[in-house]
Each structure stands twice: as structure tokens, then as C-alpha cells.
Amino acid sequence: MACGCTSRQTRKVLPEPGADHDDDIYASIEVRANRYLRVIRVNDSSSNGAPSRQTPEKCSIISSGKINEFEESTITTATSSNKDTVIYFLHGVGGCADVWRGQIAYFSNLGYDIVAPDLIGHGLSMAPDDKDAYTFEEIFDDMLAMFDKFSKKTNILVGHSYGTAFVTKLAEMRPLLVKKLILISGGGPTALAPQPGIFTLPICLLSCVQPVMVCGFMRSAFHKKTKDIPMSKAFDVPTYVLSHIMRGQNWLEGDEEYHKLISTSTLLIYGNKDPLVTLEDELEMEDTLPEAKLEVIQNASHMVMIEYPEKVSELIHRFITDRESTRRTLSQDSIQLSPRHRRPSSSARSRKRIPAPGSLIRGSLTM
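About the cut-offs
- Residues numbered from 1 in each chain as written.
- Predicted model: local features only at pLDDT ≥ 70, side-chain atom pairs only at ≥ 80, totals over all residues.
- Heavy atoms only, no water.
- Salt bridge = Lys/Arg side-chain N within 4 Å of Asp/Glu carboxyl O.
- Helix = DSSP H or I, 4+ residues; strand = E, 2+ residues; numbered from the N terminus.
- Buried < 20%, exposed > 50% of the residue type's maximum accessible area, 1.4 Å probe, protein only.
- Axes fitted to C-alpha atoms, helices over the stretch in contact; angles between N-to-C directions.
- Parallel < 35°, antiparallel > 145°, perpendicular 65-115°, else oblique.
- Left-handed = near helix turned anticlockwise from the far one by under 90°.
- Contact = heavy atoms within 4.5 Å.
- Nonpolar A, V, L, I, M, F, W, Y, C, P; charged D, E, K, R; others polar.
- Expected span 1.5 Å × (residues − 1).
- Pairing = 2+ DSSP bridges.
- Right-handed = clockwise from strand over helix to strand, strands pointing away.
- Phe/Tyr/Trp six-rings, centres within 6.5 Å; stacked < 30°, edge-to-face > 60°.
- Lys NZ or Arg CZ within 6 Å of the ring centre and 35° of its normal.

Moving on to the pattern of salt bridges. According to the stated counting rule, one finds 14 salt bridges in the structure shown. Residue Arg32 pairs with Asp142 through a salt bridge whose shortest N-O separation is 2.9 Å. Here Arg32, found in strand β1 (residues 26–32), pairs with Asp142, found in helix α2 (residues 136–150); they are 110 residues apart in sequence, far enough to count as distant. Judged by relative accessible area, Asp142 falls into the buried class, the value being 1%. Between Asp142 and Arg35 there is a salt bridge, with the nearest N and O atoms lying 2.6 Å from each other. With Asp142 in helix α2 and Arg35 in strand β2 (residues 35–42), this pair connects stretches of sequence that are 107 residues apart. An identical accessibility class is assigned to Asp142 and Arg35; each is buried. Connected via shared salt-bridge partners are Arg32, Arg35, Glu138 and Asp142.

Viewed as axis vectors pointing N to C, α2 and helix α3 (residues 162–173) meet at an angle of 55 degrees, and their least axial separation amounts to 10 Å. Taken together, the axes of α2 and α3 lie oblique to each other. The interaxial crossing formed by α2 with α3 has right-handed handedness. Where α2 approaches α3, its residues Phe136, Glu137, Ile139, Phe140, Met143, Leu144 and Phe147 are matched on the opposing element by Tyr162, Ala165, Phe166, Lys169, Leu170 and Met173. Taken together, the residues of the contact of α2 with α3 sort by class into 11 nonpolar, no polar and 2 charged.

Taking 1.5 Å as the rise per residue, α2 with 15 residues should run 21 Å; its terminal C-alpha atoms sit 21 Å apart, in good agreement. Along α2, the residues classified as buried are Phe136, Ile139, Phe140, Asp142, Met143, Leu144, Met146, Phe147 and Phe150.

Glancing now at the pairing of strand β5 (residues 85–90). The element β5 is largely enclosed, with a buried count of 6 among its 6 residues. Side chains Thr85, Ile87 and Phe89 of β5 all project onto a buried face; the interleaved residues Val86, Tyr88 and Leu90 project onto the opposite face, where all are buried too. Here 6 bridges tie β5 to strand β7 (residues 154–160), and the two strands are oriented parallel to one another. By the bridge assignment, Tyr88 is partnered in β7 with Leu157. For the handedness criterion, the β-α-β arrangement of β5, helix α1 (residues 101–109) and strand β6 (residues 113–117) is classed as right-handed.

On to the packing of aromatic side chains. Tallied over the entire structure, the rule returns 11 aromatic pairs. Arranged with centres 5.0 Å apart and planes meeting at 15 degrees, the rings of Phe136 and Trp251 form a pair that is stacked. Of this pair, Phe136 sits in helix α2 while Trp251 sits in the loop between α5 (239–247) and α6 (256–260), and the two are 115 residues apart along the sequence. The pair formed by Phe136 and Trp251 is uniform in burial state, with each residue classed as buried. Every member of this aromatic cluster is reached through a ring pair, and the members are Phe136, Phe140, Tyr162, Phe166, Trp251 and Tyr258. Here the basic side chain of Lys169 rests over the ring of Phe140, its NZ or CZ set 4.7 Å away from the ring centre. Note that Lys180 overlies the ring of Phe319, its terminal NZ or CZ placed 4.5 Å from the centroid.

Set out below in C-alpha cells:
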């Protein structure tokens, strides 16, 4: 049977710069010359001290035209002090800003300014067919320009998977502006290198294989199904973008010695059912970063912020407000490890910091 692949995939049209939309709070922003990204922004008070949009009285997730409210007990009243704080959310390969719906709703309801971009080639951002547009340095320069554009007195950086590499480097480049760092499913302190093998295939052939890779990723990335956010948001990217971005992951400086110099207070969040990142990786990262603490959420996988949006939001909130309760478990579903579990053997440590979607294909094809 023919695979029916094509060399290019249809993309939604990028909205005009500054365009307003009723179904979302986003705009197309030129972060650098001729590089346009969709950026979700909520509670922007930079212009006249008043929020650009009113957030609902209760924190909510918008999904498929429905509004799902959190329990009121998990929401606290917004305070004026939060208006000077911006929280940035950066997704990983294949995702988009919509994977943060739960966290965006939670923190915007508390009065925090929110900035959540679609990386280039992802979501509704521009997607040029130029491999040089997707290198680590090019994407990082986008994120740095965006940070400099929207930063305030206090800035919190949250990254997931590949996104953790960008927020870590932002913390290193802007140490006086970044107050807290949250790394979700990020792995260990090892350098990034371009992913060879399957991603060097011609785009047409890779298009035939991509559905198998995506299927394998989805089965691995979720331990439980969620109705709040479509699971398809976790991995939906054109084949040529996937090829370019996987071959552009070149961050050789991001090794253990680099991470030892990151002085920003850091929270690590990990789902204990994640097969794409090992617990040993996370423990090594916690031991390497000078000011880091690991929280392990039980019965969660790689997309833990989608599976348990309230729990992840609560962990982040308690961490950024310096509550003592973050030193111990938040609930019985979030665990911290005893000292005897903390040091993995050197032979168990992973050599790759960010898992490659291509590594999933072997298991998928042999089943």
C-alpha cells in the first residue's frame, strides 16, 4: 500500500502581526528580523498598568469550546505584586504553546503576566523550509529577543523537554533578571548534538515513517488520558520541520560543567512513568545544579504538565513564592527521594539529554 506521503504538509496560515482573536489571546510577533512567532500573552500590563485582557474569575482551561474549571480551593486571589512578574513557558520539539493551557490559566488568574511562544516551525509560528532557521542558536536567539522584549523586574522561566535547554541558557545569559527556573522532563546535564540516522532521510520518506514515530511518542509521553487538552497538541509538526530541528540540536557547551555554573534557584519536575527521560538523568541534574530540587510526580509520564495541570501548577506556584512546603512532598502523588536513592551509578547515566523522537521507531516497528 502506498504511504501517500508528500514532500510538504499543509500548515495553518500565520495570523497577521497584531491580529486580535476571540478564541485565543495571541498575536504574531516579529521577535527578530523576518522571524515571526505566535505568542500567547495574558495580563500584559506593561503599557499603562492595566491588563490588556480580563481573565476569568475562576482559573480555566479552554478546550474544544468548553471551559473546565479548577477546584476553587486550588486558586488564590490575585495580588498586585504579581503584576511585576512575567512567567515564560517554552515547549519542546513537536509541541506548541497550547500544551501549557493549564498553567497559563492557573497563573494568569493569579495576576501574573504570561508569555508562551510557539517555537519557529511549531503551532502557528512561521515555518520556513530552511534548515539553518532551526539550529539551536537561531532558536535561542529568538527566545532571547522575546525575553528582552517582555521582561520585567521579576522573570520566571519554565521549560519542557527541549525547551529546558533554552530556558537554562537564558538563565545563564540574564542571571540578574531570572529569579526562578523550572525544568520539566528535561533530563540530565549533558550536551546536545544533532540527531543523525532516520532524520537524514529525504523528506518524502521521513513523511512515511513519521506517523509511526508519532504513535510511539504518544504512547510513551502519556501515562493517563486527559480531556482538558487534546493529546494531539503534544506532537504536531511538519515533517521537514522535524527533520531540520532534530538535526539542528547542536549545543555542545551545555555539559555538566556548564550546568554547575547556573546559580538560579531551580525546580525539576519529573513523571515517574516517563520512558523518554530516566530518573537517573534527573537525579544527576539535581546534583549538578547548585540550587536545585527535584519533585517526582507519580503515575505521570513525559507530558506531566498536561496529565496533571493542577499539580504541576501548584508545585511551580509554591516554588516561586518560596513557601517552605516545597521542601517536602506536595501530596502523596508527588514524592521526593531519600538520600540513599540520590546518587546513580555512572554506568546508568544517559549520554543524551533530550530524547530523540526517532529513537521510538525501533520499538514501534518491532511490535
